[in-house]
Amino acid sequence: MDLISLPPCSRRLEMTTPATSEKPLALSPASSSAIKISTTFLKTPVKTDQDILQNSMLEDDPNSNSILLAGPHTNHAGDGHGGGHLEKRPRWGPQHKGAQELAKLYSSGKRTQELVCVYICITLMVLNLALILRHFRFERISNVVVAAIFGILTADFGSGLVHWGADTWGSVDLPIVGKNFLRPFREHHIDPTSITRHDFVETNGDNFAVALPILGKLAWNFFTRTNAEIQQDYAISAYLFLCSIFIAMTNQIHKWSHTYWGLPGWVLFLQRHHIILPRRHHRIHHVAPHETYFCITTGWLNWPLEQIKFWSTLEAIIELLTGHKPRADDLKWAQKRT
């Protein structure tokens, strides 16, 4: 993979490199393994090109997906001569033991919940779209554009907040919430491309569930208010509708950011122009230990939130108040290689 192809937002080396330096120093494998990315008030996580290439899964070229462990009689050259052997263990992907255990926790009850949410949500989407168009007035076009922008930003921030919370806190062992809602987040970090093997229902069921209350309340407003009241609050209705659409489609957009083959041209166009979450941009989040760039609808808010240390500050406060370490459960599952 060409380093130049990585996104400019991953190249904030001036934060840690003196101004007189022409380029960052290359790290040896031994020294790079000792680096720990800080999540404190004092330092914002910085993902260099080398961080991304060494510590995240090369989804578009998934080679070297293993850790070589020397056997008891393996020579120092690591070539297997001298009566020893090299044992390979998957670092990530569908052969990872933790990923396999998590995938088996997907239940028929969960599938039923997702199916119900998808069908009801699509019905409400179509109904609300018809009602939005019915009450549309051309002179309100500017209001609709502004509502769309704020709807996208709200959905992007909401996706980051939920993503951060589910990635960072809680455990798969928690009743109800653990297996049904936190499990996919744990599986995704150790098998990132598993989402590309999920069908439409499994991919989008939970996000459609989140959008349901918004769409339901919006439809209720249309049927219970007078035309004058609807026109007065039309901009708010447009905002809620567009926000709910982007919320519902967030995980589908997320899935596209992990798909490197066979995407429609219009999806590639939206990714290329960063209208939706680009693939290279999202790779920054998948640098272990997955501590930054949580917004996955468009990713527009990732860089500014990192600059103000938003997530690391929240983590430090919560850890101070509760004593719980961020991403402890995530690390536990990642270490299940045998």
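Below is a short write-up of the structure. (Residues numbered from 1 in each chain as written. Predicted model: local features only at pLDDT ≥ 70, side-chain atom pairs only at ≥ 80, totals over all residues. Heavy atoms only, no water.)

On to the nonpolar core. Core analysis: the largest hydrophobic core is formed by 22 residues, its most contacted members being C121, M125, F208, A211, L215 and F222. Looking at this core, the elements that each hand over two or more residues are α4 (108–134), α7 (200–224) and α9 (234–256). Among the elements that take part in this core, α7 stands out by supplying eight residues, more than any other. In contact with C121, not counting residues within four places along its chain, are F208, A211, L212 and L215. (Core = buried A, V, L, I, M, F, W, Y, C linked by side-chain atoms within 4.5 Å. Buried < 20%, exposed > 50% of the residue type's maximum accessible area, 1.4 Å probe, protein only. Helix = DSSP H or I, 4+ residues; strand = E, 2+ residues; numbered from the N terminus. Contact = heavy atoms within 4.5 Å.)

Over its 13 residues, helix α13 (residues 310–322) extends 18 Å from the first C-alpha to the last, a length consistent with the 18 Å expected when each residue adds 1.5 Å. Those residues of α13 that sit buried are W311, S312, E315 and A316. Seen along its axis, α13 keeps its buried residues to an arc of 135°; they face one direction. Away from the buried face of α13 by more than 90 degrees, exposed residues L320 and L321 are located. Tucked inside the fold, the buried residues of α13 contact α5 (141–168) and α12 (302–307). Note on α13: the residue one or two positions beyond its end, G323, has a positive phi of about 85°. (Expected span 1.5 Å × (residues − 1). Arc of directions from axis to C-beta.)

Take unusual backbone geometry next. In this structure, I176 is a non-glycine residue whose phi angle is positive, near 65°. If you trace the backbone, I176 turns up in the loop between α5 and α6 (177–190).

Geometrically, a packed helix pair is captured by the angle between its two axes and the distance between the axes. Direction vectors running N to C along α4 and α7 enclose 40°, while the axes themselves pass 6 Å from each other. Between α4 and α7, the angle falls in the class oblique. As for how α4 packs across α7, the hand of that crossing is left-handed. Its residues assigned to classes, the contact of α4 with α7 comprises 22 nonpolar, four polar and five charged. (Axes fitted to C-alpha atoms, helices over the stretch in contact; angles between N-to-C directions. Parallel < 35°, antiparallel > 145°, perpendicular 65-115°, else oblique. Left-handed = near helix turned anticlockwise from the far one by under 90°. Nonpolar A, V, L, I, M, F, W, Y, C, P; charged D, E, K, R; others polar.)

This brings us to empty space enclosed by the protein. Summed over the entire model, instances satisfying the criterion amount to two cavities of 30 Å³ or more. Put simply, the second largest cavity is a space of about 40 Å³. Together, L218, N221, F222, R225, E229, I230, D233 and S237 line the second largest cavity. Of all the elements in the fold, those that place two or more residues in the lining of the second largest cavity are α7 and α8 (227–232). In terms of residue count, the dominant contributor to the lining of the second largest cavity is α7 (three residues). Of the residues belonging to the lining of the second largest cavity, the class tally is three nonpolar, two polar and three charged. (1 Å grid on protein atoms, 1.4 Å probe; cavity = no way out; pocket = protein on both sides within 12 Å on 5 of 7 lines; lining within 4 Å. Points joined across faces, edges and corners; volume = space filled by probe spheres on them.)

All quantities given are derived from atomic positions and should not be read as evidence of function.
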